[in-house]
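Now for the letters of each chain:
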Amino acid sequence: MTISNITDETVSVELEMYDLNGSLISSPSAFTNLNGVAINISTSPADATISFDIPANATAAFTYGNWNGHGYGKITWKQDSNRRTALLAHALRNNNESFSIPINAGLPF
């Protein structure tokens, strides 16, 4: 999955991923910034919520290890400005076939 900050200010993001039964999935196994700027994440072990900041015009990319099931996620963000949109997100699913999944129909949110 990638989450891109399309603004000129840092965005604080919280991410929760759930399996089909509504159980939170554990933290991602890999987490990088595609723009070469370090992104630090913090997780809450009690509920597997992932919190991180994405710098201006940067993209965070990560995977969820060996989890290969269906499910859903919740991405929330905060920023000091009054913007209504700040992020673009995209997911890939690799199994026997690869699927590209635009989040929010590929529109900013």
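Residues numbered from 1 in each chain as written. Predicted model: local features only at pLDDT ≥ 70, side-chain atom pairs only at ≥ 80, totals over all residues. Heavy atoms only, no water.

Novice: Mind showing me how you'd approach the side chain of Asn5 here?
Specialist: Counting through the fold element by element, Asn5 comes out in strand β1 (residues 2-5). Among the polar contacts listed, one links the side chain of Asn5 to the backbone oxygen of Pro55, at a separation of 3.0 Å. Excluding residues that lie within four positions of it along the chain, Asn5 makes contacts with Thr10, Val11, Ile54, Pro55, Ala56, Asn57, Ala58, Ala86 and Leu87. (Helix = DSSP H or I, 4+ residues; strand = E, 2+ residues; numbered from the N terminus. Polar contact = N/O pair within 3.5 Å; in protein donor to acceptor, adjacent residues only side chain to side chain. Contact = heavy atoms within 4.5 Å.)

Novice: Help me understand the packing of aromatic side chains, please; the structure alone is not making it clear to me.
Specialist: Each aromatic ring pair is described using two quantities: the centre-to-centre distance and the angle formed by the ring planes. Enumeration over the complete set of coordinates arrives at one aromatic pair. When the ring of Tyr18 is compared with that of Tyr72, the centres are 5.0 Å apart and the planes differ by 15 degrees; the resulting orientation is stacked. Here Tyr18 is found in strand β2 (residues 11-19), whereas its partner Tyr72 is found in strand β7 (residues 71-78), with 54 residues between them in sequence. We classify Tyr72 as partly exposed; its relative accessible area is 44%. (Phe/Tyr/Trp six-rings, centres within 6.5 Å; stacked < 30°, edge-to-face > 60°. Buried < 20%, exposed > 50% of the residue type's maximum accessible area, 1.4 Å probe, protein only.)

Novice: How do you make sense of the nonpolar core when you look at a structure like this?
Specialist: Nonpolar side chains tend to gather and get buried jointly when the protein is soluble and globular. Within the largest apolar cluster, 19 residues are counted, with the highest numbers of intra-cluster contacts made by Ile3, Val13, Leu15, Phe52, Ile75 and Leu87. Only β2, β5 (49-54), β6 (59-63) and β8 (87-94) provide two or more residues apiece to this core. It is β2 that contributes the most residues to this core, four residues altogether. Ignoring anything within four residues of it in the chain, the contact list for Leu87 reads Ile3, Ser4, Asn5, Ile6, Val11, Val13, Ile75, Trp77, Leu107, Pro108 and Phe109. (Core = buried A, V, L, I, M, F, W, Y, C linked by side-chain atoms within 4.5 Å.)

Novice: What am I meant to see in the environment of Gly22 here?
Specialist: Along the polypeptide, Gly22 turns up in the loop between β2 and β3 (30-33). Look at Gly22 and you get partly exposed, because its relative accessible area is 34%. Residues Gly22 and Gly73 lie 51 residues apart in sequence; the distance between their C-alpha atoms is 9.8 Å.

Novice: Would you mind showing me how to read the pattern of salt bridges here?
Specialist: Two side chains of opposite charge can pair, provided their charged atoms sit close to one another. One pass over the structure, following the stated rule, counts two salt bridges. Its salt-bridge partner being Arg83, residue Asp8 comes within 2.5 Å of it at the nearest N-O pair. Of the two residues, Asp8 sits in the loop between β1 and β2 while Arg83 sits in the loop between β7 and β8, which places them 75 residues apart along the sequence. Of the residues examined, Arg83 reaches a relative accessible area of 33% and is grouped as partly exposed. The closest approach of N and O atoms between Arg83 and Glu9, which form a salt bridge, is 3.7 Å. With a gap of 74 residues between them, Arg83 in the loop between β7 and β8 and Glu9 in the loop between β1 and β2 connect regions that are remote in the sequence. One salt-bridge network, in which partners are shared between bridges, spans Asp8, Glu9 and Arg83. (Salt bridge = Lys/Arg side-chain N within 4 Å of Asp/Glu carboxyl O.)

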